[in-house]
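Chain by chain, the residues:
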Amino acid sequence: MDALLNIPVLGFILQFIVYLVNVIVNGHIAPIILGLATPIALGALCGVMNERSGVVNIGIEGMMLFSAYVAFMTALLVHQAFPAKPSAFFGATPALISGVVAAIAAGVLISLLHAWLSISVRADQIISGTIINITALGLTSYLNRLIKPYDSAGTFKSFRPPEGLVNLPGVGWLFEMFTSVGPIAMSVIVLVIIVQILLFRSRWGLRTRAVGEHPKAADTVGINVIRLRYRNVLIGGVFAGLAGAYLTLEATGSFQNNMTAGRGFIALAAMIFGRWTPVGAFLGALLFMGSQALGVAIRLAPPAGDLGTFLAGIQQAYPSIYNNFFTGLPYLLTIIVLAGVVGRSIPPAADGKPYEKESSS
Amino acid sequence: MIARLKSYAGLGIVPALSILLALLVASVLIIVSGLIGPEKKVDLLLPLIAYRSLLVGSFGNFKAIANMIVAATPLMLTGLAVGVGLKAGLFNIGATGQVLLGGFTAALVGTLVADAPPLIAITVALLAGMLAGALAGFIPGFLKAFTGAHEVVTTIMLNAVIQLMVSGLVNDVFRAPGFSFARTAPVGNATLTGAGNTTLHLGVIFALICIPLSYWLLWRTTVGFEIRAVGANPTAALYAGMKPRRMMILTMSLCGAFAGLAGAIEILRFGYYPAVFGTSIGSDGITVALLGQASPIGIMFSALLLGAMRAGAPLMQIQARVPVEIIDVIQGVILIFLAAEIVVRRIFRLRTTTPGSGELQTITRTYGEKVAG
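As a convention, each chain's residues are numbered from 1 in the sequence order in which they are written. Chains carry letters and ligands carry numbers; both start at the beginning, A for chains and 1 for ligands, and go up in the order they are written. pLDDT decides what is reported in this predicted model: residues at 70 or higher carry local features, side-chain atom pairs at 80 or more are listed and counted, and totals for whole chains, interfaces and linings draw on all residues regardless.

Asker: Would you take a moment to explain the overall build of chain A for this structure?
Answerer: A run of DSSP states H or I qualifies as a helix once it reaches four residues; a run of E qualifies as a strand once it reaches two. Both are numbered from the N-terminal end. From N to C terminus, chain A includes 16 helices and zero strands. For chain A, whose C-alpha radius of gyration is 22 Å, the value lies close to the compact-globule estimate of 21 Å for 361 residues. The dimensions of chain A, computed from C-alpha atoms along their principal axes, are 75 × 55 × 40 Å. Think of it as a crowd count around each C-beta: if 20 or more other C-beta atoms lie within 10 Å the residue is buried, if 12 or fewer it is exposed, and in between it is partly exposed, with C-beta placed from the backbone throughout. The proportion of buried residues among the 361 residues of chain A is 52%. The contacts of chain A with a sequence gap of at least 6 include a subset with a gap of at least 24, amounting to 78%. To get the radius of gyration, use the C-alpha atoms; to get the globule rule, take the number of residues to the power 0.38 and multiply by 2.2 Å. This entry defines residue contacts through backbone-placed C-beta atoms, with two residues in contact when those atoms are within 7 Å.

Asker: For this particular structure, what's the right way to read the overall build of chain B?
Answerer: Per the secondary structure count, chain B includes 14 helices and zero strands. Listed N to C, the secondary structure of chain B is α-α-α-α-α-α-α-α-α-α-α-α-α-α in terms of helices and strands. What you see for chain B is a C-alpha radius of gyration of 21 Å, in line with the 21 Å of a compact globule of 373 residues. Counting only C-alpha atoms and orienting by the principal axes, one finds that chain B spans roughly 60 × 60 × 40 Å. For chain B, buried positions account for 56% of its 373 residues. Long-range contacts, defined as pairs at least 24 residues apart, comprise 77% of the intrachain contacts of chain B with a sequence gap of at least 6.

Asker: Please explain the nonpolar core as it appears in this structure.
Answerer: For soluble globular proteins, the rule of thumb is that nonpolar side chains tend to be buried together. Under the definition applied here, buried Ala, Val, Leu, Ile, Met, Phe, Trp, Tyr and Cys residues are grouped into a nonpolar core through C-beta atoms within 7 Å. Counting residues in hydrophobic clusters, the biggest one holds 233 residues, and the most contacted among them are Ala41, Leu45, Ala270 and Ala285 of chain A together with Ala125 and Phe258 of chain B. In this view, phenylalanine 258 of chain B contacts Leu77, Leu80, Ala81 and Cys210 of chain B; residues no more than four positions away in its chain are not counted. In this structure, Val211, Ala218, Val225 and Leu228 of chain A belong to the second largest nonpolar core, which totals five residues.

Asker: Explanation requested: the packing of helix H4 (residues 95-112) of chain B against helix H6 (residues 151-172) of chain B in the structure shown.
Answerer: When two helices pack together, their arrangement is given by the angle between the helix axes and by the axis-to-axis distance. Residue and element names in this part refer to chain B. Lines are fitted to the C-alpha atoms to define the axes, a helix being fitted only along its stretch in contact, and any angle between axes, read from their N-to-C directions, falls within 0 to 180 degrees. Contact geometry of H4 with H6 gives a least axis separation of 8 Å together with a crossing angle of 30°. In terms of axis orientation, H4 runs roughly parallel to H6. Along this stretch, H4 crosses H6, giving a crossing that reads as left-handed. On H6, the residues touching Thr96, Gly97, Leu100, Leu101 and Phe104 of H4 are Thr155, Leu158, Asn159, Ile162, Gln163 and Val166. Roughly parallel refers to an angle under 35 degrees, roughly antiparallel to one over 145, roughly perpendicular to one between 65 and 115, and oblique to any angle outside these ranges. By definition, any crossing whose near helix is turned counterclockwise from its far helix by less than a right angle is left-handed, and any crossing with a clockwise turn is right-handed.

Asker: Would you take a moment to explain unusual backbone geometry for this structure?
Answerer: As a rule of thumb, non-glycine residues mostly have phi less than zero, and peptide bonds are mostly trans rather than cis. Unusually for a residue other than glycine, tryptophan 276 of chain A sits at a positive phi of about 60°. Following the sequence through the fold, tryptophan 276 of chain A ends up in the loop between helix H13 (263-273) and helix H14 (278-300). Its identity as a non-glycine residue notwithstanding, alanine 294 of chain B has a phi of 60°, on the positive side. Looking at the element boundaries, alanine 294 of chain B is found in the loop between helix H11 (281-291) and helix H12 (296-320). Among the residues examined, alanine 294 of chain B registers 23 C-beta atoms within 10 Å and is labelled buried.

Everything listed is a geometric property; what it means functionally is a separate question.
Structure follows, in structure tokens:
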């Protein structure tokens, strides 16, 4: 093994893979990656619901931000009215639960605006999404400036899995990843699998894909294109709402201006990277956020040998560039994938085209 | 002539009514702000007080007017960066990144020519910024033309890449010693200083030239005709012997150049590039272009309007205690009404036969398609 690791270029790559596997299996970073990937994956699910039925949604960022604010404020108000001790179930309180419900409602509401503009009004869907981003940022910053809350409703708590499960050799990290996280992060994997199965194995899924690929054909066989698109965009809002609730009620417990910080756009990237499938988007989100977590891991515990010296050297000389490289990797990868350098990613055929029944015009 | 004026009025009526409706919606928010703000009372006159101080802050005296024009200057350019793209059926969300790259390059070149005579130093630095912006626009244009990667997604991603790259470079490579925060070295003579005791600077002239220039380009030249033809229908343009791919690349580079110039002007006003350069001029450009119906003249007026709001907002926050963020809300609501043109027309019982903003609805159509040619 040592001989292999000392081969000039190949050895470098092998050293890196050995390090990578070691960090993931023994480094306890798997739950952190899932936590980082949760809002991305939920946002990407929102995107999949929209774009699979033929509605482009670049307003995920704004939907998330608005829901995050609504979640935080609702939880805070309920918390001040009925203070309660965290329960055994993920530390849930009436405040936190009403926050999640309100966030979902907010996500659906803002999706309704998107659906109305892009399906009924037949405005340009990309402009509609842009408007949502601009308005959500303005409105939440405005309200956040007006009411400066210094209080917090707290956060959901992570589940503590039994030690024996986490310490299982080889697969312990997988258990740790999916069980030592909060309720919203834990639900992501379930939601991803459900949407994946429904999208490719159910009548609804077949209809949704038909509407996204060829709405006229779908209409001919009696599918109500407009109604199905509305329904799917609104369900997408549920996921965006959950993503927002995750940010303020599970990850941080507070709200800052523009706290989504581009996560909605990474979600868009993950969706494209995953070729408009839920599982693909989820893996994309894990990969993107894994690269960020890896950047941190290398800084905290650099690999041994030549590779370690090399990475430590770069990090010493260019700390900012080093950090930004790992943060920027998802965006760069998306451009590469979209441009078809490594396997092309092609959107549904009717994505972005408003549908107009011929008889109505 | 009268018919022509009438058609111009027809183009301007929906934006004007959208602004009116947005101000009404914002009034409700402002009244609510009085209720939940520090005073806790309903003051129905508060919106009027706020709008009055907004006007005074932007038109009250000569200095205020100068500030308003200076605030509008980069917005005209980013407005063109989005608007000219719309004419070619391209939606340039990348103005933000093009602004950053243009500003950063202008700052670097500015330090090189810091000792040259001011006029030369400023011109060289601004041109460098334009060129860098054009490069940032070229990339998504090229990708769209030859791989079909939609410019909306690639520019969103490029915005993040450019922002991370530039801030990394400022922190690690071009950081000037002797300052408490990360920034580049001073640009010396390339600094855009105010004339007299106002903030008016040379960059204003550059921006004001770009408006008639792009009008001339779009409506009086073959290139402009081809840009509009490609925007209206790329396939038809191809069969008419034009080169849609080349036009897309050219248009995106041109858009990038406008945004790069805007960034260069903003940075040369500071005299250096700060590692954290948070500016909204890129995204404001989207509002300006949509409000101006993608026409250069309309863009000039909407940039002045938005510049007035931005310049007057601080006074409004002091006098009426309405947070400056209300400007962003007003922007968003204006855009919602603009997009929902049908609703505005219904409220005011306008006929729907007036030619609408056709190019504003063509962007998404190409989302999943490869460019022919």
